[in-house]
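Given next are the chains, with one letter for each unit.
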Amino acid sequence: MFFNLEWENKMKNKHNFTKIKEDETTKKYFDRLSKGPTHKFIENIIKEIKRLKVKNILDVGCGTGYVTKEIAKINQNITACDTDAGRIRLAKGFIGNNINFLTIKPGKLPFKDNSFDLVICLEVLEHVPNYKGLIKELKRVSRKYVLITVPNEPYFRIANFLRLKYFKSLGNSPGHINHFTKRKIAEILKRQFKIKKV
């Protein structure tokens, strides 16, 4: 009996890619109205990581791994984690075993102090009830840098309206329980970090 594993893996990847495109946290990268700005967002993250010249990276709240995959193109020494086991399964199926993906529990991150040169947490804090506790954990496991992004309110909601999204919730994306202006996030972060850029 002969099996074409390359074809089987290609089909498996195609299936996972379709699921990733449909995921609530990832479809913005494929939507015709939002993919331009979201891909620019990824480009900016990549530029910043290149500038920092780090040895290893932790991606906290990686979701389906779409952005993680792009980061891995410039730094393969990356660990990615999320509390959603289904999204971690999608990420592993989409990307494979090149990246260490972990399902974690909310609360304390399962890593030693100062484990990573760079810890990134992209578009996550708005989903986390205890975001201040998470910020402390990001700092604890970072050896050098922490890179955090959040949607800039109220512009994010306005952009959702312009994209004809989430009218019933006044432009608020599903799962967003915290809202940050540029000023508010800067005030929160300066309590924990020496801020280089907002």
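Chains are numbered independently. Their residues run from 1 in the order of the written sequence. It should be noted that, the model being predicted, local features are given only for residues of pLDDT at least 70 and side-chain atom pairs only at 80 or more, the latter also being counted only at that level, while totals for whole chains, interfaces and linings use all residues. Side-chain measures were taken over the full set of non-hydrogen atoms in the model, leaving aside hydrogen atoms and water.

A. Molecular detail of unusual backbone geometry. One non-glycine residue, Lys53, lies in positive phi territory at about 50°. By the criteria applied, helices consist of DSSP H or I runs no shorter than four residues and strands consist of E runs no shorter than two, each listed in order from the N terminus. Here Lys53 lies in the loop between helix H2 (35–52) and strand E1 (57–60). Burial status follows relative accessibility: with a 1.4 Å probe on protein chains alone, a residue under 20% of its type maximum counts as buried, one over 50% as exposed, and anything between as partly exposed. Residue class for Lys53 comes out exposed when judged on its relative accessible area of 68%.

B. Expanded view of the sheet that holds strand E5 (residues 142–149). Between any two strands, at least two bridges found by DSSP are needed for them to pair. Reading across from one edge, E3-E2-E1-E4-E5 is the order of the five strands in this open sheet, with parallel pairing throughout. Pairing within the sheet leaves two strands with one partner each, and these edge strands are strand E3 (100–103) and E5. The sheet shows a mean angle of 20° between the axes of neighbouring strands, direction not considered. As judged from the four bridges shared by strand E2 (residues 78–82) and E3, these two strands associate in the parallel manner. When the bridges of E3 are listed, Asp82 appears paired with Thr103. Only heavy atoms enter the contact rule, under which two residues are in contact if any of them lie within 4.5 Å. All axes here are fitted lines through C-alpha atoms, helices being fitted over the stretch that makes contact, and every angle between N-to-C directions spans 0 to 180 degrees. Its contacts with the sheet place helix H5 (residues 131–141) against E1, strand E4 (116–122) and E5, and it is angled at close to 145° to E5.

C. A look at the nonpolar core. Residues belong to one nonpolar core when they are buried, are Ala, Val, Leu, Ile, Met, Phe, Trp, Tyr or Cys, and are joined through side-chain atoms within 4.5 Å. By size, the foremost hydrophobic cluster in this structure holds 27 residues, and its most contacted members are Ile57, Ile71, Ile99, Phe101, Leu118 and Ile120. Elements with a minimum of two residues in this core: H2, helix H3 (66–72), E2, helix H4 (85–95) and E4. Setting aside its immediate chain neighbours within four residues, Ile57 contacts Ile49, Ile71, Asn75, Asn77, Ile78, Thr79, Phe116, Leu118 and Ile120.

D. Up close: the pattern of salt bridges. Criterion for a salt bridge: a side-chain nitrogen of Lys or Arg within 4 Å of a carboxyl oxygen of Asp or Glu. According to the stated counting rule, one finds 10 salt bridges in the structure shown. Linking Lys27 and Glu24 is a salt bridge whose minimum nitrogen-to-oxygen distance equals 3.5 Å. Between Glu43 and Lys40 there is a salt bridge; the shortest N-O distance is 3.9 Å. Linking Glu43 with Lys40, this pair stays in helix H2, spanning three residues, or about one helical turn. Given the relative accessible area of 42%, Glu43 is considered partly exposed. Residue Lys40 is classed as partly exposed on the basis of its relative accessible area, which comes to 40%. Each of the salt bridges in this network shares a partner with another, and the network as a whole consists of Asp23, Asp84 and Arg87.

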